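Listed below, chain by chain, are the residues.
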Amino acid sequence: MDLGTSGLRCLLVTQAGNFLGVSDQSYSVSSISSGYNEQNPKDWIDALKAALSELRRTNAEAVANLDAIGIAGHMHGATLLDKNGAILHPCILWNDTRSHKQASKLDQDKNLRNITGNIIFPGFTAPKLLWVQENKPELFTNIAKVLLPASYLGYYLTGDYFMDMSDAAGTSWLDVRNRCWSDYALNAGNMRSDQMPALFEGSQLASSVSKFIADELGIPRGVSVVAGAGDNAAAACGVGIMQEGQGFVSLGTSGVILTARSECNPLAEAAVHTFCHALPNTWYQMGVILSATNSLNWLSSIIGQSPSQLAAKLNDEIDGPSSEKFYPYLSGERTPLNDAHIRGGFAGLSTNSTATKLTQAVMEGVAFALRDCLEALKKAGPCPEQLLAIGGGGRSRYWLETIATCLNTPIACPTDGEYGAALGAARLAILGKTGEPIKNILSQPSISEMIEPRQDLIDDYCQAFKMYKNVPLHLKSIQ
């Protein structure tokens, strides 16, 4: 199960990892004010019920023999439960920036960066809870457990509170190097250890589906549930990114460049994320931008054409940077700016600007923001010589060639890249249930195409990137 920001994907696979069926269910994000993004956890459960209902219709025999479940989910979200496990408040999501003041306050404690391995970003979980304490004190006093989205789905299935290391690493309460809850970090955020779920490695068996829920969902009783992973760690498992020197670029709602690490060597000051991987004794680092395909979705909503219609008007091959420029800070930015307040913008518009040119500018703006991430990651350690492409934006060859050329890094297109996080969750379930060696299960996918950087255009895009780098401070000064 991949509990995404915009929908839930349930992927049914055999023990050998072969696809049997898939169901996608969508739900919405509530944005009640600028910087506020919430979801009702009940919508996740409704989506799960609908997905399993569809899979029972299309793959009845396989569902009847279901053996194990892995769960991936979007990270950092604060799902607040009372002593009876009831939901106290809509889940405050990863791209919610209302707690920027609380994040800044926590980040002044340099010990927290040393323990958690990261800047305390507004999107992380700890500052969200400080915001709740300061703005909804009566709610704060009733919080018995704080779960992230994936662990809430696990709680619904099993009745137990558990979380994997990769998801926990994004809370700002975990000692990332030692892979345990930090009393110091919890105290700094006015939280207690009894409010935290039990910790597991991603492939560890955490519990099993309760009898009542199994009957309600129409699945066998006693199905094992592994701890799972945060979405990016699960995606890495789905495409076999588990060793130093391997990495991917993700074009989803957010944009990510991720590389696996064999040691924990944080570089918080560059706004690089350093998290536990879903695998024991492994970490990963990533640069994150908050609006990747979300930027194209936004343009789509303004113009009145679907993202695929906009992308289809571009050629398969690039021919140089656009005169129009776009800065994809629609929800603030993480790497390397660490700025919750900056907002996006266009530049270079003229009467000759068309929807197609604006689409090109949006894709290039996202590519330049990812180049920013890569430059930060290079300061933290060696970076991969090529990157696997995952996420919905990877369906656009034009976009991938733009990114490959901006990064001067080849992009490998997996045949089944769209199944990254869901397949990663399934693979963790296979590992937990079978005890197979990791290398036997977490293989890399077959590659449909290798997109090389356009050597004849690299200098042009490097020059355009230099201009892009000069703009953020000026952009913020006029907002």
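It should be noted that the structure appears before, not after, this text.
What counts, and at which threshold
Residues numbered from 1 in each chain as written. Predicted model: local features only at pLDDT ≥ 70, side-chain atom pairs only at ≥ 80, totals over all residues. Heavy atoms only, no water. Helix = DSSP H or I, 4+ residues; strand = E, 2+ residues; numbered from the N terminus. Rg over C-alpha atoms; globule rule 2.2 N^0.38 Å. Buried < 20%, exposed > 50% of the residue type's maximum accessible area, 1.4 Å probe, protein only. Contact = heavy atoms within 4.5 Å. Areas by Shrake-Rupley, 256 points an atom, 1.4 Å probe, with all protein chains shown as cover. Phe/Tyr/Trp six-rings, centres within 6.5 Å; stacked < 30°, edge-to-face > 60°. Lys NZ or Arg CZ within 6 Å of the ring centre and 35° of its normal. Axes fitted to C-alpha atoms, helices over the stretch in contact; angles between N-to-C directions. Parallel < 35°, antiparallel > 145°, perpendicular 65-115°, else oblique. Nonpolar A, V, L, I, M, F, W, Y, C, P; charged D, E, K, R; others polar. Pairing = 2+ DSSP bridges. 1 Å grid on protein atoms, 1.4 Å probe; cavity = no way out; pocket = protein on both sides within 12 Å on 5 of 7 lines; lining within 4 Å. Points joined across faces, edges and corners; volume = space filled by probe spheres on them. Left-handed = near helix turned anticlockwise from the far one by under 90°.

1. Considerations on the overall build of the protein chain
Counting its regular elements, the protein chain contains 19 helices and 25 strands. The C-alpha atoms of the protein chain give a radius of gyration of 21 Å, which matches the 23 Å a tight globule of 479 residues would have. Across the 479 residues of the protein chain, 60% fall into the buried class. In the protein chain, once contacts between residues fewer than 6 apart in sequence are set aside, the share between residues at least 24 apart is 73%. By element, 47% of the accessible surface of the protein chain is carried by carbon and sulfur atoms, the whole surface being about 18200 Å².

2. Considering the packing of aromatic side chains
All told, the structure shown has 15 aromatic pairs when counted by the stated rule. Arranged with centres 6.2 Å apart and planes meeting at 20°, the rings of W298 and F326 form a pair that is stacked. With W298 in helix α12 (residues 293-303) and F326 in strand β21 (residues 325-327), this residue pair connects regions lying 28 residues apart in the sequence. Looking at F326, the relative accessible area reads 3%, which means it is buried. Each ring, one from F326 and one from F346, has its centre 4.9 Å from the other, and the planes form 45°; the classification is tilted. Within this pair, whereas F326 is found in strand β21, its partner F346 is found in strand β22 (residues 345-347), the two being separated by 20 residues in sequence. On the basis of relative accessible area, F346 is assigned to the partly exposed category, the value being 26%. Above the plane of the ring of Y161 lies K145, whose end atom (NZ or CZ) is 5.1 Å from the centre.

3. Some thoughts on the packing of helix α11 (residues 231-238) against helix α16 (residues 420-434)
Viewed as axis vectors pointing N to C, α11 and α16 meet at an angle of 75°, and their least axial separation amounts to 6 Å. As the angle between them shows, α11 and α16 are arranged roughly perpendicular. Residues D231, A234, A235, C237 and G238 of α11 touch α16, and the partners they reach there are G420, A421, L423, G424, A425, R427 and L428. Residue composition of the contact of α11 with α16, by class: seven nonpolar, three polar and two charged.

4. A look at the sheet that holds strand β5 (residues 68-69)
Reading across the sheet, the three strands line up as β5-β15-β14 and stay open at both edges, with mixed pairing between neighbours. Edge positions in the sheet fall to β5 and β14 (205-208), since each has one partner strand and no second. Strands β5, β14 and β15 (224-226) of the sheet are contacted by α16, whose axis makes an angle of about 120° with β15.

5. Notes on empty space enclosed by the protein
Counted under the stated rule, the structure contains four cavities of 30 Å³ or more. The computed volume of the largest cavity comes to approximately 70 Å³. What lines the largest cavity is W94, N95, T97, F121, P122, G123, L290, E333, R334, N338, D339 and A340. Split by residue class, the lining of the largest cavity holds five nonpolar, four polar and three charged.

6. Some remarks on the pairing of strand β19 (residues 273-276)
Within a regular beta strand, the side chains point alternately toward one face of the sheet and then the other, so they alternate between its two faces. Across the two faces of β19 the burial is the same, with H273 and F275 and T274 and C276 all buried. Here β19 runs beside strand β20 (residues 283-289); their pairing, made up of four bridges, is antiparallel. Residue pairing across strands places C276 opposite W283, the latter belonging to β20.

7. Brief notes about the layout of surface pockets
In this structure, the second largest pocket occupies an estimated 490 Å³ of space. Residue lining of the second largest pocket: 24 residues in total, with L12, V13, L66, D67 and A68 positioned closest to the centre. Mapped by element, the contributors of at least two residues to the lining of the second largest pocket are β2 (7-13), α1 (41-58), α2 (60-64), β5 and α16. Of all the elements, α16 adds the most residues to the lining of the second largest pocket, at five residues. Within the lining of the second largest pocket, the residues separate by chemical class into 17 nonpolar, five polar and two charged.

8. Some points on the packing of helix α14 (residues 355-380) against helix α15 (residues 397-407)
Packing of α14 against α15 leaves a shortest axis separation of 9 Å and a crossing angle of 40°. At the point where α14 passes α15, the crossing takes the right-handed sense. Contact residues: Q360, M363, E364, V366, A367, F368, L370, R371 and L374 in α14; Y398, W399, T402, I403, C406 and L407 in α15. Here the contact of α14 with α15 is built from residues that sort into 11 nonpolar, two polar and two charged.

9. So, the pairing of strand β3 (residues 19-26)
Here β2 runs beside β3; their pairing, made up of seven bridges, is antiparallel. Residue pairing in the sheet places G7 in a bridge with S26 of β3. Remark: five residues form the turn of the hairpin made by β2 and β3, two consecutive strands paired antiparallel; G17 in that turn has positive phi of roughly 90°.

10. Examining the sheet that holds β20
Hydrogen bonding along the main chain pairs the strands of a sheet, whether they run parallel or antiparallel. The strand order across the open sheet built from seven strands is β19-β20-β18-β17-β23-β24-β25, with neighbouring strands paired in mixed fashion. Since the sheet does not close on itself, it has two edges, and those belong to β19 and β25 (447-451), each with one partner. Taking the axes of each pair of neighbouring strands and ignoring which way they run, one obtains an average angle of 25° across the sheet. Examined bridge by bridge, strand β18 (residues 255-261) and β20 share seven bridges and lie antiparallel to one another. Bridge pairing in β20 places T259 opposite Q285. Across the sheet, α15 is in contact with β17 (247-251), β18, β23 (387-390), β24 (411-414) and β25; its angle to β25 comes to roughly 50°.

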